[in-house]
Amino acid sequence: MVYKLFACCIPVKGYRRSIIVDTQRMNYFIIPNGLYEILINNECYSPEKIKKELEFKYNKVINEYFEFLLNNDLIFSCAIEQINCFPKLSLKWDAPHHIINAIIDVNEKSQHDYNSIFNQLSNLLCKHIEIRFFNKVTLSFISEILLYSDYKSFQSIDIILPYSIDLSIVELNKVLDKYSRLTNIVIFNSPDITEIKNEGEDKGQVLFIKNKIVDCTSCGEINPSSFTMNLDFFCEVQTFNSCLNRKISIDVTGQIKNCPSMAQSFGNIKNTSLENVVNNKEFKCFRNIKKDDIEVCKDCEYRYICSDCRVYVRGHKDVFSQPAKCKYNPYIAKWEGEKDYVSIEQKGS
Amino acid sequence: MENNFTLIIANKFDYCIDSIIKWLKYHKLNYLVIDPDKKVQINKIKLNNQYIDIELNIKGKHVALDQIRSVIFWKGRIEFELPAIQKEELVKNMVIALDKFLKRELNTITQYIYNELNKKRIFGLCITKNPNKLILLSKAREVGLKIPNTLISSSDKIIKSELLQQELITKPIQEIFNFRSKKEIHTSFTHFIDVEYTNENKDLIFPSLIQEKIEKKYELRIFYFNKEFHSMAIFSQTDDKTRTDFRDYNYEKPNRMVPYTLPNEIKKKLKKLINVIDYHSCSFDMIVNMKNEYVFLEVNPLGQFDLESVTCNFKIEKKIVEYLKS
Ligand code: SF4
Ligand code: SF4
């Protein structure tokens, strides 16, 4: 009898340590690189054989490793004749959407034609849209816009807006009730943090957060709370950018861009069709910058669960630099705030 | 209607069809869905010495047979729009006889249309008759697959005497029983037979299917399509909640589900069975028991494949659409 790793639990090596991503239970486990080597160099594992190979010097460590793997349901015992019955997962990625993510930014000067924008996005089979209001906005205005989102391709819609004293929970819930695809209403600049979760399975939630957001420059934060541990994401970021793949956005002035914070525009929504932009080669080039191409990230164990940012990047602003707002240093395996943390600038590879 | 489209004859709200449609849209392929709400009118079925021509009117869309490139048969059927027939003056028995007659007439037409559609590129199975699960089980046995010992009996005594010898399970013979009311959902899954049951004393019971309970290492869900097997192993043994049937899902800690490669010998037997029963695609449920033997449980021509497609990244929907357009 030997052990095998469940195919959905995938080890990822970092400079200092590694992780096992449990893509099925959406979790990850930090492991030493020594264990990573054991897991990756063998088809299957026999603790006794491994101990012997290490001349019985590390028996206790090996026992601990296997106890950990078994306790977390990461390995299973497998009959010798069935070793070859358990292949690895295919990490090929594709999705039936020309656009997966659209961001629409709005301030007091914006004059978007929401009906036309939503129609165009729906024709691109857009899956998710995020509308970010940077100015005060009434719920009736939001409701009016959302009317155009009915019978479209969107599976979820997120709305982000600033706090104002006259936002009533009752009214917010009414909007959520009316639009089943509304997933999150996030209210920033709020005096406190509150989360209003709804009982109904298909109903969205309201989130009050204290973050100060003025405009699109607030984007690009990297932190563990936004790590994504599912298989679809894991596959996607093997080949594509973790933020900009199949994304499109319309900034406050109507400029069509990869993301609102980008300098380069591919035309204004008033006179350019989204479909034309989506087929533009230059527009598509950011999609192919994967974590394995990015400085520092390529040495980081979190690279296949982490988001990315190609606008706010570190140092000399090469398009392949680490996201500037990342507070992790994989070369010492420490987050800012942890004891003995030093920044990448002070201690890189 | 545009040329070269895919006709989808389906039930409403089906996840598998939904995801196939997404890929059809993505590739800008035309399709038309006939679901139970869409009644069909027959414009013409022409059978003459030069050619055959069929034209249907599906909710105002005129569809000719040779415009259809491929057909998905997925738990749906073609139903015709009918004129109201004056029956008031007829005696009751006559009405019944007439209804039966008209039904047979319609059936003959539908069967013929299915017959012509079946010559196209097909996914799914045109169900004119529900395949009999007991016949399928006996066929599986004939091609050399191991099946669980199975007993159907309406004798309380016989079942009890079996129960003394081994642990048994019971499950519906043909279909899953589903009942939804506002308050509750009843679904019949596979269950153990409780020893308590023996306390109740009845002579005659409704004929029930009893099977030996097989201690399993894992369950296999196998989707076969376009000469390819997509298999997934489900480890449910460690979890008491799902010991008998993994559909009694444990949400907090989903069972481990991973891709699986079938041994060639099993693939061969399954292919033999597919040839005998003549399916385009189907899903098999199997068990690998403690002795590492493969035990056939059932085959379903219209089994859902979304779970293995997503969990094992098989992208089955995408492959189906690639097949339908090729
Ligand atoms: S690239 Fe950066 S700024 Fe642009 S959307 Fe992504 S995280 Fe935000
Ligand atoms: S270095 Fe930072 S941004 Fe890069 S993958 Fe690691 S955590 Fe994410």
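For the structure, see preceding data.
Fair warning: this is a prediction, and the values are worked out from it, not measured in the lab.

Trainee: Describe the packing of helix 1 (residues 33-41) of chain A against helix 3 (residues 59-71) of chain A, with residues and values.
Mentor: The axes of two packed helices give the description: the angle between them and the distance between them. Residue and element names in this part refer to chain A. With their axes 11 Å apart at the nearest point, helix 1 and helix 3 run at an angle of 70° to one another. The orientation of helix 1 relative to helix 3 falls into the category roughly perpendicular. Taken together, the residues of helix 3 that come into contact with helix 1 (itself represented by Gly34, Leu35, Ile38 and Leu39) are Ile62, Tyr65, Phe68 and Leu69. Its residues assigned to classes, the contact of helix 1 with helix 3 shows seven nonpolar, one polar and no charged.

Trainee: Can you lay out the nonpolar core for me, pointing to particular residues and giving the numbers?
Mentor: Counting 110 residues, the largest nonpolar core has Phe86 of chain A together with Phe123, Leu220, Tyr260, Phe284 and Phe296 of chain B as its most contacted members. Of the residues forming this core, the biggest block, seven residues, is contributed by helix 1 (residues 15-26) of chain B. Taken together, domain 1 (5-124) and domain 2 (130-146 + 215-326) of chain B each give at least three residues to this core, which thus spans both. Setting aside residues no more than four positions away along its own chain, Tyr260 of chain B makes contact with Gln82, Cys85, Phe86 and Pro87 of chain A together with Tyr218, Leu220, Ser231, Met232, Ala233, Val288 and Tyr294 of chain B.

Trainee: Let's hear about the site of ligand 2: which residues, and what values?
Mentor: Residue and element names in this part refer to chain A. Ligand 2 sits among Ile222, Lys291, Cys297, Cys300, Arg303, Cys306, Gln322, Pro323 and Cys326. Mapping ligand 2 onto the cavity grids shows that it belongs to the largest cavity. Of the residues belonging to the shell around ligand 2, the class tally is six nonpolar, one polar and two charged.

Trainee: Describe the sheet that holds strand 6 (residues 101-106) of chain A, naming the residues involved and giving the relevant values.
Mentor: Residue and element names in this part refer to chain A. Taken together, eight strands build an open sheet; the order of strands is 10-11-9-8-7-6-12-13 and the sheet is mixed. Only two strands of the sheet have a single partner each, and these edge strands are strand 10 (194-196) and strand 13 (256-257). Relative to strand 9 (residues 182-188), strand 8 (residues 156-162) runs parallel, the two sharing six bridges. Paired with Ile157 across the bridge in strand 9 is Leu182.

Cut-offs used in this document
Residues numbered from 1 in each chain as written. Chains lettered and ligands numbered in written order. Predicted model: local features only at pLDDT ≥ 70, side-chain atom pairs only at ≥ 80, totals over all residues. Heavy atoms only, no water. Axes fitted to C-alpha atoms, helices over the stretch in contact; angles between N-to-C directions. Helix = DSSP H or I, 4+ residues; strand = E, 2+ residues; numbered from the N terminus. Parallel < 35°, antiparallel > 145°, perpendicular 65-115°, else oblique. Contact = heavy atoms within 4.5 Å. Nonpolar A, V, L, I, M, F, W, Y, C, P; charged D, E, K, R; others polar. Core = buried A, V, L, I, M, F, W, Y, C linked by side-chain atoms within 4.5 Å. Buried < 20%, exposed > 50% of the residue type's maximum accessible area, 1.4 Å probe, protein only. Domains from an automatic or database assignment. Near = heavy atom within 4 Å. 1 Å grid on protein atoms, 1.4 Å probe; cavity = no way out; pocket = protein on both sides within 12 Å on 5 of 7 lines; lining within 4 Å. Sits in = over half its atoms within 2 Å of the grid points. Pairing = 2+ DSSP bridges.

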